[in-house]
Structures are given as C-alpha cells and as structure tokens.
Amino acid sequence: MEQRHVNLILIAILLIAAIWIDLPQNPGIKIGNFEKRFETVLGLDLRGGMQVILSVPPEVSVTQQNLQDAAIILENRSNALGVSEVVFQTAGERIIVGEFPGATNAEDVINKIRQVGQLEFVDFGDTPFPEGTVIETDFGITESSTPESPNPESTPTATSTETSTPEATPEASPTPAPIRYHTVLTGRDLKSVGVSRDTLGRYVVDIEFTDEGARIFKEWTTQNVGKYLGIVLDKRVISSPVIREPITEGRAQIEGNFTSESANALAVQLRYGALPIPLNIEQIRVVGPTLGQDSLQKSLLAGVIGFIIVMLFMGIYYRLPGVVANMALLTYAAITFAIFKTIPVTLTLPGIAGFLLSTGSALDANILIFERLKEELRNGRNLRQALDLGWKRAWSSIRDSNISALITSAILFWFGSTFGASFVKGFALTLALGVMVSLFTALVVTRAFLETAVFDLFKDADKKPGWFGL
Amino acid sequence: MLDILGKRYIFFAISLLVIVPGLLILAINGLPLAIDFKGGSILELRFPSGNLPNTESVVNLYTELGFKEVQVQTAISANGQRDLLVIRSPFIDDETKIKIVETMRERFNAPDIVVNRFDSVGPVIAQQVTERAALAVAVAALAVVLYITYAFRGIPHAFRYGVCAIIAMIHDILVVFSLVGIGSIFFGWQMDSLFLTALLTVVGFSTQDKIVVFDRIRENSTIYRKLPFEKLANHSIVQTLQRSINTQLMTVEFMLLALALFGGVTLREFAVILLVGLFSGTYSSIFVAAPILVVWENQEWKTWFRRQATA
C-alpha cells in the first residue's frame with residue numbers, strides 16, 4: 001500500500017468523524033462520566049441578546065482575584081434571575097464582560113446585577129431553612145424605630161419588634177415569607193473569611209468578626225445554644241448552621257458537607273456579599289432577535305453563493321486539479337465546522353467572515369501548488385515529477401504566508417480578549433483555525449485526492465494535458 | 001515579456017491618486033471615529049407602523065434630557081421598509097434609554113416601538129480601546145517585518161524585503177483609510193471595531209501576498225545569478241502574476257463580493273473595505289513592494305532630481 005492510500009484512509013476516517021459532528025441533530029458522546037455535546041454556539045449578533053462591559057474605576061486598585069470573584073458573584077446573581085446561559089468573564093485587568101443571550105430588556109438584568117448583596121446572620125430559632133428559601137428580616141426596617149443593638153430576648157419565633165402581621169408565627173404558616181426574622185449581624189461585622197480543614201479533614205469555613213461583631217456574636221450565641229443561625233444573602237438562605245456552644249473569641253466555623261469548591265464558594269459569598277469592587281457600566285450592546293436572525297440568514301446565503309462561485313471557477317480554470325481541490329475544500333469546510341462545534345467556537349458575523357477568508361487562504365495554497373504544477377508540466381516533466389515538485393516548490397511560500405496570517409490572528413485575538421471585543425476575538429479565532437486546517441487540507445488532502453485520481457482512477461491522465469488546463 | 005517594473009513610476013502615481021483624495025477628506029473632516037473609539041451611543045429603533053417621527057422632534061426629546069450633539073438618521077430594515085430610526089448621541093446609560101423609548105412611545109403615538117440595537121460605549125473604555133488598537137496594528141506590523149527578515153535571511157539585504165513589505169503595508173493601510181474617508185462622505189461610514197478587524201486582516205493578507213512574490217525572487221536569485229536585479233524581479237512578478245490574479249481576484253474577492261452583496265447591512269461596510277483593502281494588498285505587492293526593492297537596489301533617488309537621460 002502506498003503512502004497516498006494510507007493518507008486516504010486516514011482522511012476518510014477524519015471526514016466521517018467530522019461529518020458526524022457536523023450533523024445538526026448530533027446526540028453527543030457519553031462514556032461514563034464523560035459527556036460531550038456538539039452544538040453550534042451562535043454569538044449575540046446572530047441570535048439577539050445583550051452584552052454589557054463593566055469596568056473598575058481607574059482610582060480603585062484591583063487584584064485579579066477581586067475581578068474573578070466579582071464575575072462569579074455577578075454570574076450567580078444573574079442566573080438566579082432565570083436568564084439562561086448568562087456568562088460573565090473577566091477581560092484584561094479591569095474589565096468584566098457579561099453576555100445575556102436572548103435578553104433584550106436590559107433594565108431588569110442591570111438593576112438586579114447591580115444591587116448590593118446584603119449579607120445577614122439571622123436568628124432562625126429552632127427551624128433550619130433549606131438553601132434558597134426566601135425570607136424576610138427586620139434588617140433595615142428596625143433601624144429607625146429600635147436601637148441597633150441586638151435583642152437579647154430573641155425568641156425562637158423571632159417575631160420582630162414591630163411586626164405588623166399579627167398572624168405571622170411559624171406555627172400558623174408554613175411559608176416563611178410573611179415572617180420577619182431578626183437580623184443578628186450583617187456583612188459589615190465580618191473581618192475575614194477563609195476556608196480550612198478540621199481535624200477530620202472536612203472542609204469548613206472560618207469566620208472572624210470585628211470587635212463589635214464579636215461582642216454581639218458572643219452575647220447571642222451564649223443565649224442561643226442549640227438554635228439555628230441562618231446565613232442569608234439578599235434575603236435568600238445560603239445555609240442554616242446550628243450553634244453548638246457559646247462562641248466567645250470572635251471566631252466561628254461553619255461546618256457542613258462541604259467540598260473544597262462549595263466551601264470556597266460560600267467563603268466568597270460571605271466575604272463579598274457585596275461586590276468586592278465597584279463596577280461602572282462602560283458599554284451596552286443590545287441586538288434585537290430579528291436583526292440577528294436576518295444577519296445569520298444573509299451571511300449564510302452569502303457564504304453559500306461565494307462557495308459555489310469559487311468552486312465553479314476552480315473547476316473551470318484548473319480542470320481536474322480544480323475539481324480535486326473543490327473536494328478538498330469541502331473536506332476543509334467539514335473539518336473546520338466540526339472543530340468549531342467541538343471547542344466550541346462562538347460564531348459571530350465577523351467569525352463567519354473570518355471563516356470565509358480562511359477559505360480564500362485554503363484556495364490560495366491550492367492555486368500556488370497548481371500553478372507550479374502547470375509550470376513543471378510545461379517544462380516537460382512527467383506527472384509524477386511535476387506533482388512532487390509542485391508541492392515541494394510551493395511549500396516555502398505557503399509556509400511563510402500562512403505564518404504571517406497566524407501572527408496577525410494571534411495579535412487580533414489578544415486585542416479582542418483584553419477588551420471584551422468578543423467579535424474581534426471570534427474573527428481571529430475562526431481565521432486562525434481556518435488557516436491551520438487549510439494548511440492540512442492543501443498539503444495532505446488535495447495531494448492524496450489528486451494522486452489517487454491520476455494514479456489509480458484515470459491512469460492515462462499523463463497523456464491528457466487538457467485535464468490540467470494546459 | 002511583460003515589463004511591469006519599467007513602468008514603476010506610473011504605478012506609484014496611480015497609488016497616490018487613490019490615496020490622496022480620501023486622506024484629504026480625512027484631514028479636513030477629521031477621522032470618522034465610531035463610538036467604539038470615542039464613546040457614545042447608538043440607538044436603533046424600529047417603528048413597525050412605518051410612521052417615523054421627524055428628526056427635529058427626536059433631537060428635541062434628547063435635548064430635554066440634556067443631550068446635545070444628537071444625530072438622527074432613518075434606515076431601511078430587513079423587510080425593505082424605511083421604518084428604522086438610528087440615533088447617535090453621547091454616552092447614555094440604560095435607564096436613560098428606557099426613558100427615551102417610553103417617552104417616544106407616548107409622544108409619537110407608537111406603542112409598538114422595538115429596540116433593534118443599542119450600543120453604548122463609555123469614554124474611558126473607548127480611549128483604552130483606541131490606544132490598544134494602535135498598538136495592535138503596530139505590533140502586527142513589527143512582528144511581520146521581523147518574520148520576513150528572518151524568513152529571507154539567506155539572501156542579500158533580507159532587511160530590505162521586510163522594510164519594503166512594511167512600506168507596501170502602509171500603502172494598503174492608507175488606501176483603506178482613503179476609502180473610509182470617501183465612504184464617510186457618501187455613505188456615512190465610520191471607523192468602528194469591525195473596521196479595525198478589516199484593517200488588521202488587510203495587513204495580514206497584504207504581507208501574505210508580498211511573501212509569495214518575494215519568495216519567487218528569493219528562489220530565482222539562486223537560479224539566475226547573473227541577471228540584473230530589475231530583470232530578475234520583473235521575471236518573478238510575471239511568474240507569480242497568474243497566482244496573484246487567481247487567488248485574489250477570483251477567489252477571495254468573489255467571497256467578499258458575495259458577502260458585500262448578500263451579507264446584510266451589518267457586514268456590507270466590512271466586506272467592501274476588505275474587498276478594496278485586499279485588492280490593494282495584491283496590487284501593492286506587484287506594483288509597489290517589488291518596484292521599491294528595485295528602486296532601492298539601483299539607488300534611484302540619486303537621479304530623481306536630475307534630468308533623466310534614459311527613461
């Protein structure tokens with residue numbers, strides 16, 4: 001078996017895999033815990049949606065950790081809103097980019113994500129609440145009418161001092177909503193939060209209070225051993241730890257069935273109930289769903305028309321090699337699209353443009369080779385020699401020109417990622433991937449196809465210069 | 001054989017003819033920077049009824065809210081109706097946008113206004129983006145020269161090839177700027193991030209083109225050692241001409257033409273800039289980069305200000 005046959009088989013396997021991934025209804029792969037779905041991810045400009053860029057004001061110093069934490073908190077808050085597939089990413093040193101596919105009503109989203117997260121330690125009495133329960137507390141309401149010092153007489157029912165709903169007792173109503181629970185401490189009373197492991201190796205969250213916080217906490221825990229002290233963020237229960245013993249030294253440990261991740265997540269929420277850094281809205285982009293749909297259809301149409309014209313040209317001008325190049329071009333398109341679905345690459349309008357341009361680059365390699373091939377045939381070489389020389393001589397210019405295209409893409413990608421200009425990034429990524437795949441198809445696929453065509457299928461091709469456009 | 005290099009000064013003149021008018025427009029009117037680079041807002045509203053309010057009343061509405069320098073345009077939407085209102089203003093936040101849309105619904109008796117697009121860029125980020133954009137172009141150019149100098153290290157004056165590629169690249173950038181200058185007058189084009197993407201692509205592909213021509217010179221210089229450089233370069237250009245025409249004009253330009261004609265409004269400006277820019281990239285490798293190499297080799301500037309005995 002000759003090299004071209006081995007290559008042909010490998011290409012066939014690759015192509016089958018690529019086409020399978022390209023299928024619109026691809027079921028994905030599931031082996032044990034490993035699951036991989038292949039989906040076409042469309043960017044906001046094609047499906048409609050909103051992009052918000054938030055930045056830290058220049059006078060505030062910020063660490064990468066701050067920015068990451070803020071992005072996580074924002075994402076959690078937005079997901080709680082029920083907007084699906086919200087993504088918050090950090091870009092560069094001071095920027096967070098939020099993307100809300102499908103959302104065009106920016107007001108809700110922005111108001112919610114901007115709200116200050118209020119962390120409270122709430123007296124739950126004897127009843128722990130499951131995570132996520134929404135409750136009401138007296139924090140912020142009692143401030144005006146009652147002294148801020150905690151109420152040492154807290155009863156298990158924890159009715160607030162000025163509750164206006166007389167029927168609100170835990171016994172009377174199973175839903176906690178109408179009851180106002182008493183807030184013992186707030187996020188302002190925390191000094192530091194960390195994660196450690198106890199003697200048994202379990203993850204615990206360590207809290208240290210400020211002096212004032214420690215005093216209040218000591219008083220409260222002394223009188224409420226065995227009761228539940230709820231940790232509540234924006235009126236939503238995060239966890240309901242039980243008080244085992246009076247805590248006097250201003251430190252506390254929250255135990256639970258934590259994994260490293262969940263312990264850290266809780267620590268982040270405790271530490272930054274509010275966002276760790278102030279953020280300003282720097283940029284908002286909203287694309288209506290119909291505009292996106294329209295752009296998608298039009299650019300796809302443009303792509304198909306472009307492809308057909310180019311393939312016609314190749315076939316007519318370069319004859320047999322042109323037809324072979326067209327097959328290689330289709331292989332290229334199938335593989336590239338499969339890669340887009342596998343990574344996955346978010347397809348945007350510039351992304352599609354980048355892909356179409358890399359198609360040009362794929363053809364460029366073929367054209368360089370075929371022009372060489374023709375030259376060598378004109379110089380009287382036989383087909384086998386001409387094929388060898390065509391690829392060998394064209395290689396240096398293909399290599400150099402593709403490397404320079406990759407350099408440009410890399411710089412564009414860097415530019416796009418530092419500024420949340422995700423469409424520039426999308427363009428650079430599709431262009432770079434396209435250029436790499438095009439190198440492969442020009443050097444391996446076209447060659448294997450063409451050699452098979454002239455040495456196996458049409459053995460008399462050597463005597464038919466017309467097939468090569470001569 | 002086709003004598004391209006002999007007419008090099010004619011081609012230089014053609015390039016100037018293309019570049020100068022657009023640059024003059026830019027020099028007079030200033031760069032038509034979009035909100036990406038100078039900050040501001042674009043609000044695109046669709047009035048399904050087709051009853052667009054007049055420009056003045058929209059500007060008044062903005063003025064009441066304290067925004068000056070508001071521009072209002074109408075546009076044709078996807079369904080062929082002139083029912084789009086495009087309003088450019090200084091940076092407005094989301095609350096203001098909502099207020100504006102609400103007020104419009106009442107005042108213009110159009111409860112079914114749809115927000116088609118809303119872009120708003122703050123001045124701080126815009127400035128940062130501009131700085132980085134300039135840096136990105138500069139870094140790309142530098143990286144490419146270094147690579148060319150490296151790739152052509154085997155032949156004499158490798159550095160010249162890098163410099164000539166850069167000169168031709170600047171030529172292409174100027175052509176693109178000139179085009180945008182002309183487009184800004186006739187079609188209201190602006191320089192936005194998509195423009196920058198197009199520009200950087202032109203830079204990348206322009207170099208790709210130069211490399212193909214230079215590569216042929218590199219190869220031929222080892223074959224025809226005795227030939228004068230001008231003949232050698234001309235020979236190389238003619239040899240690669242077919243490829244240049246086929247790749248650029250037939251394939252890439254077809255793709256872009258399809259994109260410009262059918263690709264929807266969003267991509268039209270982008271596609272046209274790429275179309276012209278990439279054409280300029282091909283043109284400049286044959287008619288600018290290689291000729292300058294020859295000018296450099298012959299050190300022709302010594303005779304520029306003398307009467308030319310042999311034209």
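Model, not experiment: these values are computed from the prediction.

Criteria and cut-off values
Per chain, the residues get numbers from 1 upward, laid out in the order the sequence is written. Think of it this way: whatever chain is written first is A, whatever ligand is written first is 1, and the rest follow in order. Side-chain atom pairs in this predicted model are given and counted only at pLDDT of 80 or more, local residue features only at pLDDT of at least 70, and totals for whole chains, interfaces and linings cover all residues. Just so you know, side-chain values use all the structure's heavy atoms and leave hydrogens and water out. Helix and strand definitions here come from DSSP, where helices need a minimum of 4 consecutive H or I residues and strands a minimum of 2 consecutive E residues; each element is numbered from the N-terminal end. The rule is simple: take the accessible area with a 1.4 Å probe, protein chains only, and divide by the maximum for that residue type; under 20% is buried, over 50% is exposed, in between is partly exposed. Should any heavy atoms of two residues lie within 4.5 Å, those residues are counted as being in contact. Residue-level accessible areas treat just the shown protein chains as cover; the underlying method is Shrake-Rupley with a 1.4 Å probe. Buried area: the sum, over both parts, of the accessible surface (1.4 Å probe) that disappears when the two are put together. Any Lys or Arg side-chain nitrogen found within 4 Å of a carboxyl oxygen on Asp or Glu counts as a salt bridge. Whenever a nitrogen or oxygen atom comes within 3.5 Å of another N or O atom, the pair is scored as a polar contact, on the condition that within protein one atom can donate a hydrogen and the other can accept it, and that pairs from neighbouring residues in sequence are kept only if both atoms are in side chains. Charged residues are taken to be Asp, Glu, Lys and Arg, nonpolar residues to be Ala, Val, Leu, Ile, Met, Phe, Trp, Tyr, Cys and Pro, and polar residues to be all remaining types, Gly included. A fitted line through C-alpha atoms represents every axis, and for helices the fit uses only the stretch in contact; the resulting angles, taken between N-to-C directions, go from 0 to 180 degrees. Oblique is the label for any angle not under 35 degrees, not over 145, and not in the 65 to 115 range, which are roughly parallel, roughly antiparallel and roughly perpendicular in turn. Crossings are assigned a handedness: left-handed for a near helix turned anticlockwise from the far helix by less than a right angle, right-handed for a clockwise turn. Aromatic contacts are taken between Phe, Tyr and Trp rings whose centres are within 6.5 Å, Trp giving its six-membered ring; a plane angle under 30 degrees counts as stacked, one over 60 as edge-to-face, and the others as tilted. DSSP bridges decide pairing: two strands pair if at least two such bridges lie between them.

## Side note on the overall build of chain A
Of the regular secondary structure elements, chain A holds eleven helices and 16 strands. Taken over 470 residues, chain A has a buried fraction of 51%. Pairs at least 24 residues apart make up 74% of the contacts formed inside chain A by residues separated by at least 6 positions. Working note: accessible area of chain A is about 21,300 Å², and carbon and sulfur atoms make up 57% of it.

## A closer look at the interface of chain B and chain A
In this complex, chain B contributes 66 residues to the contact, which on the side of chain A involves 69 residues. In total, about 5,900 Å² of surface goes out of reach between chain B and chain A, with carbon and sulfur atoms giving 68% of it. The tally of links from chain B across to chain A stands at three salt bridges. Of the charged contacts in the structure, one is a salt bridge between B:R216 and A:E375, with a shortest N-O distance of 2.6 Å. The interface formed by chain B and chain A holds eight residue pairs in polar contact (both at pLDDT 80 or more) in total. Mapped by element, the contributors of at least two residues to the side of chain B that touches chain A are helix 4 (94-107), strand 4 (114-121), helix 5 (123-151), helix 7 (193-223), helix 8 (229-262) and helix 9 (264-298) of chain B. No other element matches helix 7 of chain B, which puts 16 residues into the side of chain B that touches chain A. Class assignment for the residues of the side of chain B that touches chain A results in 35 nonpolar, 18 polar and 13 charged.

## Overview of the packing of helix 10 (residues 383-418) of chain A against helix 7 of chain B
Put simply, helix 10 of chain A and helix 7 of chain B touch, their axes get as near as 9 Å, and they point 160° apart. Taken together, the axes of helix 10 of chain A and helix 7 of chain B lie roughly antiparallel to each other. Helix 10 of chain A and helix 7 of chain B meet at a crossing whose hand is right-handed. Every residue of helix 7 of chain B that contacts helix 10 of chain A at A:R393, A:S396, A:S397, A:R399, A:D400, A:S401, A:N402, A:S404, A:A405, A:T408, A:L412 and A:F415 is listed here: B:L196, B:L200, B:G204, B:T207, B:Q208, B:I211, B:V212, B:D215, B:R218 and B:E219. In the contact of helix 10 of chain A with helix 7 of chain B, the residues fall into seven nonpolar, nine polar and six charged.

## Digging into the packing of aromatic side chains
Centre-to-centre distance and the angle between the planes together describe a pair of aromatic rings. This model, assessed by the stated rule, comprises 24 aromatic pairs over all chains. Ring geometry for A:F209 against A:F217: centres 4.3 Å apart, planes inclined by 35°, an arrangement best described as tilted. Relative accessible area serves as the criterion here: at 3%, A:F217 is assigned to the buried category. Here B:F152 and B:Y161 contribute two aromatic rings whose centre-to-centre distance is 5.5 Å and whose plane-to-plane angle is 5°, an arrangement assigned as stacked. A relative accessible area of 0% means that B:F152 is categorised as buried. Members of the aromatic cluster, joined through ring pairs, are A:F313, A:Y317, A:Y318 and A:F370.

## Quick notes on the packing of helix 5 of chain B against helix 7 of chain B
All names here are of chain B. Closest axis-to-axis distance for the helix 5/helix 7 pair is 11 Å, and the angle between their directions is 10°. Overall, the two elements helix 5 and helix 7 adopt an arrangement that is roughly parallel. In this structure, helix 5 contributes A133, A136, V137, A140, V144, I148 and A151 to the contact, and helix 7 contributes L196, L199, L200, T207, I211 and R218. Each residue belonging to the contact of helix 5 with helix 7 can be placed in one class, and the counts come to eleven nonpolar, one polar and one charged.

## Structural notes on the pairing of strand 12 (residues 228-233) of chain A
All names here are of chain A. Extensive coverage of strand 12 is indicated by the burial of five of its six residues. Across six bridges, the pairing between strand 7 (residues 119-125) and strand 12 is antiparallel. The residue of strand 12 that forms the bridge with V122 is G230. As paired strands, strand 12 and strand 13 (residues 236-239) are joined by three bridges and run antiparallel to one another. Residue pairing across strands places L233 opposite R236, the latter belonging to strand 13.

## Details of the sheet that holds strand 6 (residues 95-101) of chain A
Ordered by their spatial adjacency, eight strands build an open sheet running 5(A)-6(A)-4(A)-15(A)-4(B)-1(B)-3(B)-2(B), and the pairing between neighbours is antiparallel. Looking at strand neighbours, the two that pair on one side only are strand 5 (87-91) of chain A together with strand 2 (71-75) of chain B, the edges of this open sheet. Pairs of neighbouring strands in the sheet enclose a mean axial angle of 20°, with direction left out of account. Where strand 5 of chain A and strand 6 of chain A come together, five bridges link them in antiparallel fashion. Note that in strand 6 of chain A the partner of A:Q89 across the bridge is A:V97. Helix-sheet contacts for helix 5 of chain B involve strand 4 (49-55), strand 6 and strand 15 (280-287) of chain A together with strand 4 of chain B, and the interaxial angle to strand 15 of chain A is about 80°.

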